[in-house]
Amino acid sequence: MNCEDKDETSSEEKTQQLSDKVNTLGSQLQPNAAMLASIAKYVEFKAAEIKDCKAQLQVTVHEVSVLKENNQELKKRVLELERYKRRWNLRIKGVKEKRG
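Not measured: the values here are computed from a predicted model.

**A few points about the overall build of the protein**
Secondary structure summary: the protein contains 1 helix and 0 strands in total. Counting only carbon and sulfur atoms, one obtains 58% of the accessible surface of the protein, whose full area is about 10,200 Å².

Structure below.
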């Protein structure tokens, strides 16, 4: 064997070693790629859930606002009814009322 044969053999061996390493890396990347795709789907699902939650939150905030307004109106009506009731409860038969 001369130097050229050794160089060719060593080049072929190195090429084969590099090819084996590339194949090994490729087989190792396949599960990672599948895992990344799974994570991407999960993130998309969670993003959709968050969007739905935000929409529901907006609806709930609006409902709470409406309920607060209704509650204030009902409180005013109750106070007015209580005043009206007290006004009539003060009238006693047989006692003359004084104006003022």
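What follows picks up the thread again.
**Regarding a nonpolar patch on the surface**
Residues Met35, Leu36, Ile39, Tyr42 and Val43 make up a contiguous nonpolar surface patch of roughly 540 Å² in combined accessible area. Secondary-structure assignment places Met35 in helix H1 (residues 3-89).

**Thoughts on the pattern of salt bridges**
By the definition in use, this model includes 2 salt bridges. The residue Lys46 makes a salt bridge to Glu49 at a minimum N-O spacing of 3.1 Å. In this pair, Lys46 and Glu49 are both assigned in helix H1, 3 residues apart and thus about one turn of the helix distant. A salt bridge links Glu80 to Arg83, with the nearest nitrogen and oxygen atoms 3.0 Å apart. With a gap of 3 residues between them, Glu80 and Arg83 both fall in helix H1, about one helical turn apart. On the basis of relative accessibility, which here comes to 41%, the residue Glu80 falls in the partly exposed class. For Arg83, a relative accessible area of 46% gives the class partly exposed.

Parameters at a glance
Residues numbered from 1 in each chain as written. Predicted model: local features only at pLDDT ≥ 70, side-chain atom pairs only at ≥ 80, totals over all residues. Heavy atoms only, no water. Helix = DSSP H or I, 4+ residues; strand = E, 2+ residues; numbered from the N terminus. Areas by Shrake-Rupley, 256 points an atom, 1.4 Å probe, with all protein chains shown as cover. Patch = residues over 30% accessible without salt bridge, like charges linked within 9 Å, V, L, I, M, F, W, Y side chains within 5 Å. Salt bridge = Lys/Arg side-chain N within 4 Å of Asp/Glu carboxyl O. Buried < 20%, exposed > 50% of the residue type's maximum accessible area, 1.4 Å probe, protein only.

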